[in-house]
Amino acid sequence: MMTKTEKIYELLKDTYPDAKCGLDYTTPFQLLVSTMLSAQATDKSVNKVTEELYMQYPDLDSFLKLSQDELEEKIRKIGLYKNKAKNIYLMCRELKCKYNGEVPQNMEDLMKLPGVGRKTASVVLVEAFHIPAFPVDTHVFRISRRLGLSKGTTADKVSDDMMKRFPKYKWHLLHHLLITHGRATCTAKNPKCTDCSVRDLCDYYKKVHIKSLNNL
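Residues numbered from 1 in each chain as written. Predicted model: local features only at pLDDT ≥ 70, side-chain atom pairs only at ≥ 80, totals over all residues. Heavy atoms only, no water.

A. Representation of the overall build of the chain within the structure. For the chain, the count of helices and strands is 12 helices and zero strands. Each helix (α) and strand (β) of the chain, taken in turn from the N terminus, gives the series α-α-α-α-α-α-α-α-α-α-α-α. Relative to the 2.2 N^0.38 estimate, which gives 17 Å for 216 residues, the radius of gyration of the chain is 19 Å and therefore close to what a compact globule would have. Taken over the C-alpha atoms alone, the chain extends approximately 65 × 30 × 30 Å along its principal axes. Scored against the burial criterion, the 216 residues of the chain give a buried share of 46%. Within the chain, contacts between residues at least 6 apart in sequence are counted, and of these 56% link residues at least 24 apart. Accessible surface for the chain amounts to roughly 11900 Å². Of this, 52% is attributable to carbon and sulfur atoms. If the 35 positive side-chain charges of the chain are averaged to one point and the 26 negative ones to another, these points end up 7 Å apart. (Helix = DSSP H or I, 4+ residues; strand = E, 2+ residues; numbered from the N terminus. Rg over C-alpha atoms; globule rule 2.2 N^0.38 Å. Buried < 20%, exposed > 50% of the residue type's maximum accessible area, 1.4 Å probe, protein only. Contact = heavy atoms within 4.5 Å. Areas by Shrake-Rupley, 256 points an atom, 1.4 Å probe, with all protein chains shown as cover. Lys, Arg positive; Asp, Glu negative; His and termini not counted. Charge placed at Lys NZ, Arg CZ, Asp CG, Glu CD.)

Here's what the structure looks like:
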(Lines give C-alpha, C1' and ligand atoms only; values in the text may rest on other atoms or scores of the structure.)
Protein backbone atom coordinates (compact mmCIF):
# COMPACT_ATOMS: atom_id res chain seq x y z
CA MET A 1 0.00 0.00 0.00
CA MET A 2 1.41 3.40 -1.00
CA THR A 3 2.16 6.06 1.59
CA LYS A 4 0.77 9.59 1.37
CA THR A 5 4.04 10.90 -0.08
CA GLU A 6 4.14 8.15 -2.69
CA LYS A 7 0.54 8.84 -3.72
CA ILE A 8 1.17 12.57 -4.01
CA TYR A 9 4.24 12.02 -6.15
CA GLU A 10 2.53 9.57 -8.51
CA LEU A 11 -0.63 11.66 -8.86
CA LEU A 12 1.32 14.81 -9.66
CA LYS A 13 3.51 12.92 -12.10
CA ASP A 14 0.38 11.70 -13.91
CA THR A 15 -1.15 15.18 -13.86
CA TYR A 16 1.92 17.01 -15.19
CA PRO A 17 3.86 14.59 -17.44
CA ASP A 18 5.79 17.45 -19.08
CA ALA A 19 6.99 19.19 -15.90
CA LYS A 20 10.54 20.48 -16.32
CA CYS A 21 12.80 23.46 -15.73
CA GLY A 22 11.23 26.63 -17.14
CA LEU A 23 14.51 28.52 -17.66
CA ASP A 24 16.29 28.50 -21.03
CA TYR A 25 20.04 27.86 -20.87
CA THR A 26 22.80 25.85 -22.53
CA THR A 27 25.61 25.90 -19.96
CA PRO A 28 25.96 25.77 -16.17
CA PHE A 29 27.08 29.40 -16.21
CA GLN A 30 23.97 30.50 -18.09
CA LEU A 31 21.79 28.52 -15.70
CA LEU A 32 23.46 30.21 -12.74
CA VAL A 33 22.84 33.66 -14.19
CA SER A 34 19.25 32.84 -15.16
CA THR A 35 18.47 31.46 -11.72
CA MET A 36 19.88 34.58 -10.08
CA LEU A 37 17.69 36.67 -12.37
CA SER A 38 14.59 34.59 -11.61
CA ALA A 39 14.29 35.67 -7.97
CA GLN A 40 10.86 37.34 -7.63
CA ALA A 41 10.46 37.19 -11.41
CA THR A 42 8.77 34.74 -13.77
CA ASP A 43 10.76 32.30 -15.87
CA LYS A 44 9.03 33.74 -18.94
CA SER A 45 10.27 37.26 -18.22
CA VAL A 46 13.79 35.97 -17.56
CA ASN A 47 13.85 33.95 -20.79
CA LYS A 48 12.79 37.01 -22.81
CA VAL A 49 15.77 38.96 -21.50
CA THR A 50 18.34 36.16 -21.62
CA GLU A 51 17.51 35.12 -25.18
CA GLU A 52 19.21 38.25 -26.49
CA LEU A 53 21.66 38.52 -23.60
CA TYR A 54 23.16 35.07 -24.19
CA MET A 55 23.38 35.63 -27.92
CA GLN A 56 25.61 38.64 -27.32
CA TYR A 57 27.33 37.39 -24.15
CA PRO A 58 27.23 33.57 -24.12
CA ASP A 59 29.90 32.84 -21.52
CA LEU A 60 31.80 34.13 -18.50
CA ASP A 61 34.58 35.82 -20.46
CA SER A 62 32.10 37.84 -22.49
CA PHE A 63 30.16 38.78 -19.32
CA LEU A 64 33.40 40.06 -17.80
CA LYS A 65 33.57 42.67 -20.55
CA LEU A 66 30.34 44.24 -19.29
CA SER A 67 30.39 47.01 -16.73
CA GLN A 68 27.81 46.87 -13.94
CA ASP A 69 25.92 49.77 -15.55
CA GLU A 70 25.88 48.00 -18.91
CA LEU A 71 24.60 44.82 -17.29
CA GLU A 72 21.86 46.81 -15.55
CA GLU A 73 20.74 48.15 -18.91
CA LYS A 74 20.64 44.63 -20.41
CA ILE A 75 18.40 43.24 -17.66
CA ARG A 76 16.37 46.31 -16.66
CA LYS A 77 13.08 44.66 -17.73
CA ILE A 78 13.47 42.20 -14.83
CA GLY A 79 12.46 43.15 -11.29
CA LEU A 80 15.20 44.17 -8.85
CA TYR A 81 17.54 44.53 -11.82
CA LYS A 82 19.98 46.88 -10.07
CA ASN A 83 20.70 44.52 -7.20
CA LYS A 84 20.78 41.51 -9.54
CA ALA A 85 23.21 43.25 -11.88
CA LYS A 86 25.49 44.05 -8.94
CA ASN A 87 25.46 40.44 -7.71
CA ILE A 88 26.00 38.95 -11.17
CA TYR A 89 28.83 41.42 -11.85
CA LEU A 90 30.58 40.42 -8.62
CA MET A 91 29.78 36.72 -9.07
CA CYS A 92 31.45 36.67 -12.49
CA ARG A 93 34.66 38.13 -11.12
CA GLU A 94 34.73 35.71 -8.23
CA LEU A 95 34.17 32.77 -10.57
CA LYS A 96 37.14 33.90 -12.64
CA CYS A 97 39.46 34.63 -9.72
CA LYS A 98 38.63 31.84 -7.29
CA TYR A 99 37.25 29.02 -9.45
CA ASN A 100 39.18 29.36 -12.72
CA GLY A 101 36.01 30.37 -14.49
CA GLU A 102 34.20 27.13 -13.67
CA VAL A 103 30.85 26.95 -11.87
CA PRO A 104 31.40 25.03 -8.59
CA GLN A 105 29.74 21.64 -8.28
CA ASN A 106 29.10 21.72 -4.54
CA MET A 107 26.70 23.60 -2.30
CA GLU A 108 29.33 25.22 -0.08
CA ASP A 109 31.30 26.89 -2.86
CA LEU A 110 28.20 27.92 -4.80
CA MET A 111 26.79 29.67 -1.74
CA LYS A 112 30.03 31.62 -1.32
CA LEU A 113 29.33 33.39 -4.59
CA PRO A 114 27.71 36.86 -4.35
CA GLY A 115 23.93 36.70 -4.64
CA VAL A 116 23.75 32.90 -4.50
CA GLY A 117 21.62 31.37 -1.76
CA ARG A 118 20.62 27.80 -1.11
CA LYS A 119 17.74 27.81 -3.60
CA THR A 120 19.88 29.07 -6.48
CA ALA A 121 22.72 26.71 -5.58
CA SER A 122 20.29 23.78 -5.43
CA VAL A 123 18.87 24.59 -8.87
CA VAL A 124 22.36 24.68 -10.39
CA LEU A 125 23.41 21.44 -8.73
CA VAL A 126 20.37 19.42 -9.73
CA GLU A 127 19.79 20.90 -13.20
CA ALA A 128 23.32 21.45 -14.49
CA PHE A 129 25.22 18.68 -12.72
CA HIS A 130 22.51 16.13 -11.77
CA ILE A 131 23.61 16.28 -8.14
CA PRO A 132 20.66 15.60 -5.78
CA ALA A 133 19.25 18.76 -4.20
CA PHE A 134 15.78 20.12 -3.47
CA PRO A 135 15.28 23.79 -4.39
CA VAL A 136 12.41 25.56 -2.65
CA ASP A 137 10.80 28.55 -4.33
CA THR A 138 7.52 30.22 -3.37
CA HIS A 139 5.42 27.55 -5.09
CA VAL A 140 7.24 24.63 -3.49
CA PHE A 141 7.15 26.36 -0.10
CA ARG A 142 3.42 27.02 -0.28
CA ILE A 143 2.35 23.61 -1.59
CA SER A 144 4.60 21.54 0.68
CA ARG A 145 2.97 23.24 3.66
CA ARG A 146 -0.57 23.05 2.29
CA LEU A 147 -0.21 19.33 1.63
CA GLY A 148 1.03 18.82 5.17
CA LEU A 149 4.42 17.56 4.03
CA SER A 150 6.24 20.22 6.02
CA LYS A 151 5.49 22.71 8.77
CA GLY A 152 8.69 24.61 8.12
CA THR A 153 8.49 28.38 8.31
CA THR A 154 11.55 28.96 6.12
CA ALA A 155 12.51 27.69 2.67
CA ASP A 156 15.55 25.91 4.12
CA LYS A 157 13.46 24.05 6.70
CA VAL A 158 10.92 23.00 4.07
CA SER A 159 13.77 21.78 1.89
CA ASP A 160 15.16 19.73 4.78
CA ASP A 161 11.74 18.22 5.51
CA MET A 162 11.07 17.28 1.89
CA MET A 163 14.47 15.66 1.49
CA LYS A 164 13.72 13.51 4.52
CA ARG A 165 10.29 12.51 3.22
CA PHE A 166 11.23 11.65 -0.36
CA PRO A 167 14.08 9.51 -1.74
CA LYS A 168 16.85 11.35 -3.57
CA TYR A 169 15.90 10.09 -7.00
CA LYS A 170 12.52 11.85 -6.69
CA TRP A 171 13.79 15.27 -5.61
CA HIS A 172 14.49 16.68 -9.07
CA LEU A 173 11.16 15.85 -10.69
CA LEU A 174 9.17 16.55 -7.52
CA HIS A 175 10.55 20.08 -7.45
CA HIS A 176 9.24 20.70 -10.96
CA LEU A 177 5.94 18.96 -10.30
CA LEU A 178 5.22 21.22 -7.33
CA ILE A 179 6.16 24.36 -9.27
CA THR A 180 3.92 23.35 -12.17
CA HIS A 181 1.10 22.51 -9.77
CA GLY A 182 1.53 25.88 -8.08
CA ARG A 183 1.26 27.75 -11.36
CA ALA A 184 -1.61 25.74 -12.81
CA THR A 185 -3.78 24.81 -9.84
CA CYS A 186 -2.55 25.49 -6.30
CA THR A 187 -2.15 29.23 -6.74
CA ALA A 188 -1.37 31.53 -3.83
CA LYS A 189 -4.77 33.22 -4.04
CA ASN A 190 -7.95 31.34 -4.86
CA PRO A 191 -6.44 27.88 -5.42
CA LYS A 192 -8.47 25.66 -7.75
CA CYS A 193 -9.12 22.92 -5.20
CA THR A 194 -11.98 21.42 -7.20
CA ASP A 195 -9.55 20.75 -10.08
CA CYS A 196 -6.75 19.42 -7.88
CA SER A 197 -5.60 15.83 -8.40
CA VAL A 198 -4.18 15.59 -4.86
CA ARG A 199 -6.92 17.38 -2.93
CA ASP A 200 -7.95 14.24 -1.04
CA LEU A 201 -4.43 14.09 0.40
CA CYS A 202 -4.19 17.81 1.13
CA ASP A 203 -4.42 19.21 4.67
CA TYR A 204 -5.34 22.66 3.34
CA TYR A 205 -8.25 21.30 1.29
CA LYS A 206 -9.57 19.29 4.22
CA LYS A 207 -9.62 22.38 6.41
CA VAL A 208 -11.33 24.50 3.77
CA HIS A 209 -13.80 21.75 2.92
CA ILE A 210 -14.74 21.13 6.53
CA LYS A 211 -15.10 24.87 7.13
CA SER A 212 -17.42 25.23 4.14
CA LEU A 213 -19.53 22.29 5.33
CA ASN A 214 -19.86 23.82 8.79
CA ASN A 215 -21.08 27.06 7.22
CA LEU A 216 -23.94 25.32 5.38
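B. Quick peek at helix α10 (residues 155-165). Those residues of α10 lying buried are Val158, Ser159, Asp161 and Met162. For α10, the angular spread of the buried residues around the axis is 165 degrees, confining them to a single face. Where α10 is buried, its residues meet α8 (118-128), α9 (138-146) and α11 (168-184). (Arc of directions from axis to C-beta.)

C. Up close: the packing of aromatic side chains. Counted by the stated rule, this structure contains three aromatic pairs. With a centroid separation of 5.2 Å and 85 degrees between ring planes, the pair formed by Phe29 and Phe63 is classed as edge-to-face. With a gap of 34 residues between them, Phe29 in helix α2 (residues 28-37) and Phe63 in helix α4 (residues 60-63) connect regions that are remote in the sequence. Both residues of the pair, Phe29 and Phe63, belong to the buried class. Seen in terms of ring centroids, Tyr54 and Phe63 are 6.5 Å apart; in terms of plane orientation they differ by 45 degrees. Their pairing is tilted. Of the two residues, Tyr54 and Phe63, neither departs from the other in class, the shared state being buried. Here the aromatic cluster, defined as three or more aromatic residues joined through ring pairs, consists of Phe29, Tyr54, Tyr57 and Phe63. If you follow Arg93 out to its NZ or CZ, it ends over the ring of Tyr89, 3.6 Å from the centre. (Phe/Tyr/Trp six-rings, centres within 6.5 Å; stacked < 30°, edge-to-face > 60°. Lys NZ or Arg CZ within 6 Å of the ring centre and 35° of its normal.)

D. Highlighting the packing of helix α5 (residues 68-75) against helix α6 (residues 81-98). Between α5 and α6, the shortest axis-to-axis distance is 9 Å and the interhelical angle comes to 130 degrees. Taken as axis vectors, α5 and α6 run oblique relative to one another. You can see that α5 and α6 cross each other, and the crossing is right-handed. Taken together, the residues of α6 that come into contact with α5 (itself represented by Gln68, Leu71, Glu72 and Ile75) are Tyr81, Lys82, Lys84, Ala85, Lys86, Ile88 and Tyr89. When grouped by side-chain class, the residues that make up the contact of α5 with α6 number six nonpolar, one polar and four charged. (Axes fitted to C-alpha atoms, helices over the stretch in contact; angles between N-to-C directions. Parallel < 35°, antiparallel > 145°, perpendicular 65-115°, else oblique. Left-handed = near helix turned anticlockwise from the far one by under 90°. Nonpolar A, V, L, I, M, F, W, Y, C, P; charged D, E, K, R; others polar.)

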